[in-house]
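The lines below spell out each chain.
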Amino acid sequence: MNPTEKGKAKFRPAEEVARLLAQARTASLATGLARDGSGWPYASLVLLAAHRTLGPLLLLSDLADHTRNLQADQRAALLVAQSNPTGDPLSASRVTLLGRFWPVPEALTEDARDVFLARHGGAAAYADFKDFHLYHMAIEQAHLIA
C-alpha cells in the first residue's frame, strides 16, 4: 500500500449514491410537461424513499401534473441532494438520476408501501386514496457530484 493512501478509504460512487438515496426524504423531479403538449421541463418537489430492489420510490397522485407527465412519457430526472449540508450547499454531495418511472408491480406493492410509509409516516393519511400510486425509477444514468 502506498504510504499516502494509508488511512484513506477508497471512494465508491455507487455507495455514495446509495447513501444519498437512503438519507434523502425529498427530491426534485423533472418531467416533460404533457398538459399542453409542449414538453417544457417541469420540476416539482416530491417525497422519496429508497427501496432495496426497486430503487427510488415516489407516492404520486393521478391529479398531479408530474404524474400525468410520467404517464405520457416515463423518462424523468430526479435530483437527490445531501440532507442538511453545512456551509456552501453547492459543495454538498448530490446526484442526478436519469431513468424511467413505472408503477410498482402489484406483487411488490405491499412491501414498497411499507418502505415508503416507514420513511414518511404522515403519508399514511392519503396513501390509500384511489388516486395515489407508488412509482419506482429504473435508473439508466447517474451524475454524481461528491
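Further up the page is the structure itself.
Chains are numbered independently. Their residues run from 1 in the order of the written sequence. Per-residue local features of the predicted model are confined to residues with pLDDT of at least 70, and side-chain atom pairs are confined, for both listing and counting, to 80 or more; whole-chain, interface and lining totals are unaffected and use all residues. To get the side-chain values, take all heavy atoms of the structure and skip hydrogens and water.

Draft legend 1. Quick look at the overall build of the chain. Under the scheme used here, helices are H or I runs from DSSP no shorter than 4 residues and strands are E runs no shorter than 2 residues, and both carry numbers assigned from the N terminus. A tally of helices and strands in the chain yields three helices and seven strands. Reading the secondary structure of the chain in the N-to-C direction produces α-β-β-β-β-α-β-β-α-β. Across its three principal axes, the chain shows a C-alpha extent of roughly 60 × 35 × 30 Å. Contacts were defined at the residue level, with two residues in contact if any of their heavy atoms lie within 4.5 Å. Contacts in the chain between residues at least 24 apart in sequence constitute 69% of all its contacts with a sequence separation of at least 6. Accessible surface, the chain: about 9,000 Å² in total, of which carbon and sulfur atoms supply 56%. Here Asp and Glu are counted as negative and Lys and Arg as positive; His is not counted, and neither are the chain ends. We put the charge of a Lys on NZ, of an Arg on CZ, of an Asp on CG and of a Glu on CD. Taken as two groups, the 15 positive and 15 negative side-chain charges of the chain have centres that lie 8 Å from each other. What sets the accessible areas is the Shrake-Rupley method with a 1.4 Å probe; for residues, cover comes only from the shown protein chains.

Draft legend 2. Summary view of the packing of aromatic side chains. Only the six-membered ring of Trp is used, alongside the rings of Phe and Tyr, when aromatic pairs are assigned; centres must lie within 6.5 Å, and planes under 30 degrees apart are stacked while those over 60 apart are edge-to-face, with the rest tilted. Scanning all chains against the criterion turns up two aromatic pairs. With a centroid separation of 4.9 Å and 45° between ring planes, the pair formed by tyrosine 126 and phenylalanine 132 is classed as tilted. Partly exposed residues are those whose accessible area sits between 20% and 50% of the maximum for their type, while under 20% is buried and over 50% is exposed, using a 1.4 Å probe and protein chains only. Since its relative accessible area comes to 19%, phenylalanine 132 is described here as buried. A network of ring pairs unites the aromatic residues Tyr126, Phe129 and Phe132 as a single cluster.

Draft legend 3. Focus on the nonpolar core. What makes a nonpolar core is a set of buried Ala, Val, Leu, Ile, Met, Phe, Trp, Tyr and Cys residues whose side-chain atoms join them at distances within 4.5 Å. Core analysis: the biggest nonpolar cluster contains 19 residues, and Leu29, Leu48, Leu78, Val80 and Phe101 have the highest contact counts within it. Mapped onto this core, the elements with two or more residues apiece are α1 (13–23), β1 (26–32), β4 (55–61), β5 (75–81), β6 (94–103) and β7 (132–145). Among all residues touching leucine 29, those that are not within four sequence positions of it are Tyr42, Ala43, Ser44, Val46, Leu58, His66, Leu70, Ala76, Ala77, Leu78 and Phe101. Ranked by size, the runner-up nonpolar core spans twelve residues in total, among them Leu54, Leu117, Ala127 and Leu134.

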